[in-house]
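Here is what each chain is made of, one letter per residue.
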Amino acid sequence: SRDWSSDVCSSDLSEKKEFDVAQAKEISNVIISKALRNLTKAELDKLDENKVMSMRWVLTRKTDGTAKARLVILGFMAHNLTEVATASPTLSKVGRNLVLTLSSNLKFVVRGGDVTSAFLQTGISLEDEELTIWAPPELAAMFGAEYGEQKALRVCEAFYGLVHAPRKWYERCVQVMKSLGWRQLQGDKCVYVLLDPETGKICGLAGLHVDDFLLSGDPNSTFFDSAQAALLKAFRWGKWETEEFTFAGCRIRQAEDFSITLDQEDYTNKWIEEIKIDATRSRRALLLPAEVSALRGALGTISWRATQTAPQYLADTSLLLSEVSKGTVETLYKVNKLIREMRANASQGLLFPSWGKEIKELAVIVWADASQHNRPDKSSTIGILAGIGPREMIDGEEHQLAIVQWKSGKTPRQCLGSNGAEVQAVTIGEDICWNLRLLLAELAGEEVRRDNLHEIVKVIDGAVVMDTRGIYDAITRNLSPLHGLREARAGYELTLAVNQGIQSGVQFRWVSPTG
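In this section: the overall build of the chain. Check the secondary structure of the chain and you find 14 helices and 22 strands. Projected onto the principal axes, the alpha-carbon positions of the chain cover approximately 85 × 75 × 45 Å. Taken across its 515 residues, the chain has 49% of its residues classed as buried. Surface exposure of the chain reaches about 24900 Å², of which carbon and sulfur atoms provide 50%. Averaged over its 61 positive side-chain charges, the chain has a centre that lies 3 Å from the centre of its 67 negative ones.

Here you go:
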């Protein structure tokens, strides 16, 4: 079908002029990018209209309220839909937090920027795919079409709506970053580190989330300055911001001492709202379909904040999610109580302190805990909290900690005894500790290979902390088969985790659950 209809977010016709300007800007970006071209006479003669894709205008508003227009190809109509590579990574939460942790620690200035019409800037030819589109009237006119004339155009490069456009953009980013001297991490393909060739020290960090760039660098490094200038020339950019800006839905603020805070205050106040409850219904009554839908929606908005910037709410959120299938009106009251608490502390977020330490003077510390049979289906829950701080913390010194990863959820498998859940928490915690240590080693400039993993990881100290005396004693004192655990599966899990921990140099620590 050749449908040129627009999806407008408001019916107010007074906004038409504003969106007309936005559409004109988008068409200008398309023309500049040279992502489309006219068909040759030979191509027109053999054109198969059944393979020609349609386009749509998508009109929305940016977070600041300004009008935004995007031309989108209906990519599902592509004749090679199932033949192209589409997988494209985005910056992970851990990658983002590591960039912020090291930026504040090394006293780097952090900034955020976005690429204008990123998918139109890949520079990677798609000519051999022979993709063709019907141009909407506004675009067709720019390619010489008369009023009302249908115009077919050839797709030369990646375009919004094509299923492999994100992949092409990712490939372009990798190409540009590597050509400018940035090293891509093996453990997170969207994190890059810049090392000064003269000193070998880190002078820049970058995290890429599609078309949003999180960049930081040594304000006294000329090498970083030149790499940053070259990056700015490589693409057409929107705006670059420092001190306070939004990145991937989270607010980043950097203080004068280079410490960084991350929060979702605007998101919380705008989207996390209490569920309307019929006061006449019994708290024991099972939820109606409409109430279940409202519950899922509320927990979805809560989960986003809990997983991105608020680890203190994740355990409650996880337990409430387990009640959805058999929820009662009481569940709605519990969710609303959590929402009130989150809104009351909307500005609360994560802190990344500025220690001023070398990367290899830092340590990864992971706390692992579990609760047995505390869910409606009698399954168990594990909780993990991973932080980075000066390595003196392992020896008992007190320092501010940067929280970089957390987890709270159902155990991967059901367990028989009380130790089963604790073992799963410890083994997962040890694995998270190992991964974070290796990522830090990479950021410190170490080259990771398959044959040196367990040596490179030792560059960064690590510790796994637990409050279960039984498991700690089994790890450190019990040399019996499977560390003397009654449950064989738990015994094997613990044995493997301990062996891997010893090989990587991790320290196992116990703390009293009562403080």
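Reading across from one edge, 9-10-11-12-6-13 is the order of the 6 strands in this open sheet, with antiparallel pairing throughout. The strands lining the two open edges of the sheet, one partner per strand, are strand 9 (183-184) and strand 13 (237-242). Pairing analysis gives 6 bridges linking strand 11 (residues 202-209) to strand 12 (residues 212-217), with the strands arranged antiparallel. Counterpart to Leu-208 in the pairing with strand 12 is Phe-213. Against the sheet, helix 3 (residues 93-105) makes contact with strand 6 (109-115), strand 10 (191-195), strand 11 and strand 12, and its axis sits at roughly 155° relative to strand 11, the strand it touches most. Sitting on the sheet, helix 11 (residues 418-443) touches strand 9, strand 10 and strand 11, and the angle it makes with strand 10 is about 35°.

Where helix 9 (residues 314-321) contacts helix 10 (residues 329-344), the two axes come as close as 11 Å, and the packing angle between them is 160°. Here helix 9 is positioned roughly antiparallel relative to helix 10, judged by the angle of their axes. Handedness of the crossing formed by helix 9 with helix 10: left-handed. Taking contact as the criterion, the partners of Asp-316, Thr-317 and Leu-320 in helix 9 are, on helix 10, Thr-331, Lys-334, Val-335 and Leu-338. Looking at the contact of helix 9 with helix 10 residue by residue, the class counts come to 3 nonpolar, 2 polar and 2 charged.

A separate point is the pattern of salt bridges. Proximity of charged atoms lets side chains of opposite charge pair with each other. For the structure on display, the rule yields 26 salt bridges. Here Arg-37 ties to Glu-43 by a salt bridge, and the two come within 2.9 Å at their closest N and O atoms. What makes Glu-43 buried here is its relative accessible area of 16%. A salt bridge links Asp-263 to Arg-251, with the shortest nitrogen-to-oxygen separation between them at 3.1 Å. With a gap of 12 residues between them, Asp-263 in strand 16 (residues 260-263) and Arg-251 in strand 15 (residues 250-254) connect regions that are remote in the sequence.

Cut-offs applied
Residues numbered from 1 in each chain as written. Predicted model: local features only at pLDDT ≥ 70, side-chain atom pairs only at ≥ 80, totals over all residues. Heavy atoms only, no water. Helix = DSSP H or I, 4+ residues; strand = E, 2+ residues; numbered from the N terminus. Buried < 20%, exposed > 50% of the residue type's maximum accessible area, 1.4 Å probe, protein only. Areas by Shrake-Rupley, 256 points an atom, 1.4 Å probe, with all protein chains shown as cover. Lys, Arg positive; Asp, Glu negative; His and termini not counted. Charge placed at Lys NZ, Arg CZ, Asp CG, Glu CD. Pairing = 2+ DSSP bridges. Contact = heavy atoms within 4.5 Å. Axes fitted to C-alpha atoms, helices over the stretch in contact; angles between N-to-C directions. Parallel < 35°, antiparallel > 145°, perpendicular 65-115°, else oblique. Left-handed = near helix turned anticlockwise from the far one by under 90°. Nonpolar A, V, L, I, M, F, W, Y, C, P; charged D, E, K, R; others polar. Salt bridge = Lys/Arg side-chain N within 4 Å of Asp/Glu carboxyl O.

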